Amino acid sequence: MFTRTKLRTFLIAIMLLFVLQPDLHVSAANFDNGAPDSSDSSVLSESIQVSDHSKEGKSPRPRNPLTLSQLLQKYPDTFRASGPRIKQIALTFDDVPDPRFTGKVLDILKEYDVPATFFAVGERSKKHPDLVKRIHEEGHAIGNHSYNHAQLNKLSLDKFIDQIERTNGILKNITGIHPRLIRPPYGDINEEQLQWARRNGYKVVNWNVDSLDWKGLNKEEVKQNILSAVGPGSIVLQHAGGGSGSDLSGTIEALPDIITELRNQGYTFVTLPDMLGVSESKS
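Residues numbered from 1 in each chain as written. Predicted model: local features only at pLDDT ≥ 70, side-chain atom pairs only at ≥ 80, totals over all residues. Heavy atoms only, no water.

**Describing helix α10 (residues 249–264)**
Argument step 1. Relative to the 22 Å expected for 16 residues at 1.5 Å per residue, α10 spans 24 Å between its end C-alpha atoms, a close match to the ideal helical length.
Argument step 2. Of all the bends in α10, the largest measures some 40 degrees and sits at L255, one to four residues before the proline P256.
Argument step 3. For α10, the complete set of buried residues consists of G250, T251, I252, A254, L255, P256, I258, I259 and L262.
Argument step 4. As for α10, its buried residues are in contact with β2 (88–96), α4 (102–112), α9 (219–227), β8 (234–239) and β9 (268–269).
Argument step 5. Positive phi appears at G266, one or two residues downstream of α10, with a value of about 95 degrees. (Helix = DSSP H or I, 4+ residues; strand = E, 2+ residues; numbered from the N terminus. Expected span 1.5 Å × (residues − 1). Bend = angle between axes of the 7 residues up to and from the residue. Buried < 20%, exposed > 50% of the residue type's maximum accessible area, 1.4 Å probe, protein only. Contact = heavy atoms within 4.5 Å.)

**Observations concerning the nonpolar core**
Argument step 1. By size, the foremost hydrophobic cluster in this structure holds 36 residues, and its most contacted members are L91, F93, L109 and F118.
Argument step 2. When contributions to this core are tallied by element, the ones reaching two or more residues are β2, α4, β3 (117–120), α6 (129–137), α7 (157–175), α9 and α10.
Argument step 3. When residues no more than four places from it in sequence are discounted, the contact partners of F93 are V105, L109, A116, T117, F118, F119, Q238, H239, A240 and L255.
Argument step 4. Membership of the second largest hydrophobic core comes to 17 residues, among which are L152, I161, A197 and Y202. (Core = buried A, V, L, I, M, F, W, Y, C linked by side-chain atoms within 4.5 Å.)

**Some points on α6**
Argument step 1. Residues of α6 that are buried: L131, V132 and I135. Buried residues of α6, viewed axially, fall in a sector of 100 degrees; they line one side. For α6, the exposed residues set more than 90 degrees away from the buried face come down to D130 and E137.
Argument step 2. Looking at the buried positions of α6, the neighbouring elements they touch are β2, α4, β3, α5 (122–127), β4 (141–144) and α7.
Argument step 3. With its phi angle positive at about 90 degrees, G139 sits one or two positions after the end of α6. (Arc of directions from axis to C-beta.)

**Observations regarding the pattern of salt bridges**
Argument step 1. The final tally for this structure, using the stated rule, is 10 salt bridges.
Argument step 2. Linking D94 and R183 is a salt bridge whose minimum nitrogen-to-oxygen distance equals 2.9 Å. A residue pair is termed long-range when its members are at least 10 positions apart, and D94 in strand β2 and R183 in the loop between β5 (181–182) and α8 (191–199) qualify at 89 residues. The residues D94 and R183 share a single accessibility class, namely buried.
Argument step 3. Put simply, D98 and R100 hold a salt bridge, and the shortest N to O gap is 2.7 Å.
Argument step 4. We classify D98 as buried; its relative accessible area is 3%.
Argument step 5. Bridged by salt links that share partners, the residues K219, E220, K223 and D257 form one connected network. (Salt bridge = Lys/Arg side-chain N within 4 Å of Asp/Glu carboxyl O.)

**Notes on the pairing of β4**
Each regular strand displays side chains that alternate between the two surfaces of the sheet.
Argument step 1. Taking every second residue as pointing to the same face, both faces of β4 are buried, with A141 and G143 on one and I142 and N144 on the other.
Argument step 2. Taken together, the four bridges between β3 and β4 define a ladder with parallel strand orientation. Bridged to T117 within β4 is A141. (Pairing = 2+ DSSP bridges.)

**Observations regarding the side chain of T92**
Argument step 1. As for its position among the elements, T92 is in strand β2.
Argument step 2. Looking at T92, its side chain comes within polar contact range of the main-chain oxygen of V236, at 2.6 Å.
Argument step 3. Excluding residues that lie within four positions of it along the chain, T92 makes contacts with T117, F119, R183, I235, V236, L237, Q238 and L272. (Polar contact = N/O pair within 3.5 Å; in protein donor to acceptor, adjacent residues only side chain to side chain.)

**A few points about the packing of aromatic side chains**
Argument step 1. A complete count under the given rule lists three aromatic pairs for this structure.
Argument step 2. Taking 5.4 Å as the distance between ring centres and 20 degrees as the angle between the ring planes, the aromatic pair formed by W196 and Y202 counts as stacked.
Argument step 3. In this structure an aromatic cluster arises from ring pairing among F160, W196 and Y202.
Argument step 4. In this structure, R166 is placed above the aromatic ring of Y147, and the distance from its NZ or CZ to the ring centre is 3.8 Å.
Argument step 5. For the cation-ring pair, K282 lies above Y202, with the distance from its terminal atom to the ring centre recorded as 4.8 Å. (Phe/Tyr/Trp six-rings, centres within 6.5 Å; stacked < 30°, edge-to-face > 60°. Lys NZ or Arg CZ within 6 Å of the ring centre and 35° of its normal.)

**Looking at the environment of R263**
Argument step 1. On the secondary structure map, R263 appears in helix α10.
Argument step 2. Relative accessible area serves as the criterion here: at 36%, R263 is assigned to the partly exposed category.
Argument step 3. Once the C-alpha coordinates of R263 and K87 are considered, the two residues, 176 residues apart in sequence, prove to be 9.9 Å apart.
Argument step 4. A distance of 2.8 Å separates a polar atom in the side chain of R263 from the backbone oxygen of Y112.

And the structure:
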């Protein structure tokens, strides 16, 4: 009885092997030929989605993006942080317009007959167009500082373009100027965005002397940060606007002394377009 049972089990196993063998052969053939099995439909769908990125015009982010220093070296015609090494200084003021601070900075510059460059935020410019007009009418240059102070290097190219073009549209409506200069908030920009800026005739300008005035430093601290670091062709970063609770009294109080000291050292003050030899407006 035991022997018959084993024999029956053996025969059933043999029969099953012959029944299943053709299917096994087909599956192996499909794998060797690279043909997708229907059970891999989720993988196939995912691969189609990946390939479709090219149809959307989106390029993958580089795995090892270049640093700002590397970008400055690679795109010297488009991305600058200093001017020619002659005894000129460009004072620049970010985050304008701001009714708390911008007018006070303009008053000092007018009193000392100093031209400067102001980087305007689009959203603020819509709210305070009279201050933007005053900047322009008093002979200062205006640049683009994004629409809402976004960290541009974190944005897609389409959103980056929107930040720049919306702001330029606002500034052109107020002043007639279509700014050529862009200063990215926090100084951050990526290579894809720089390439777009170059193709479209923009100049991206950072700085090589940082006042650190946004920290709420006092007059002497702001003076020290600037006067200890300045040199021929320096681009100085200060602010004439800030966020809620910002205190820029240190930069405002230090400005007359900074101007006087640098003039005594033989420096002249110029706008960024004059320093870099470019037009303020694209059109």
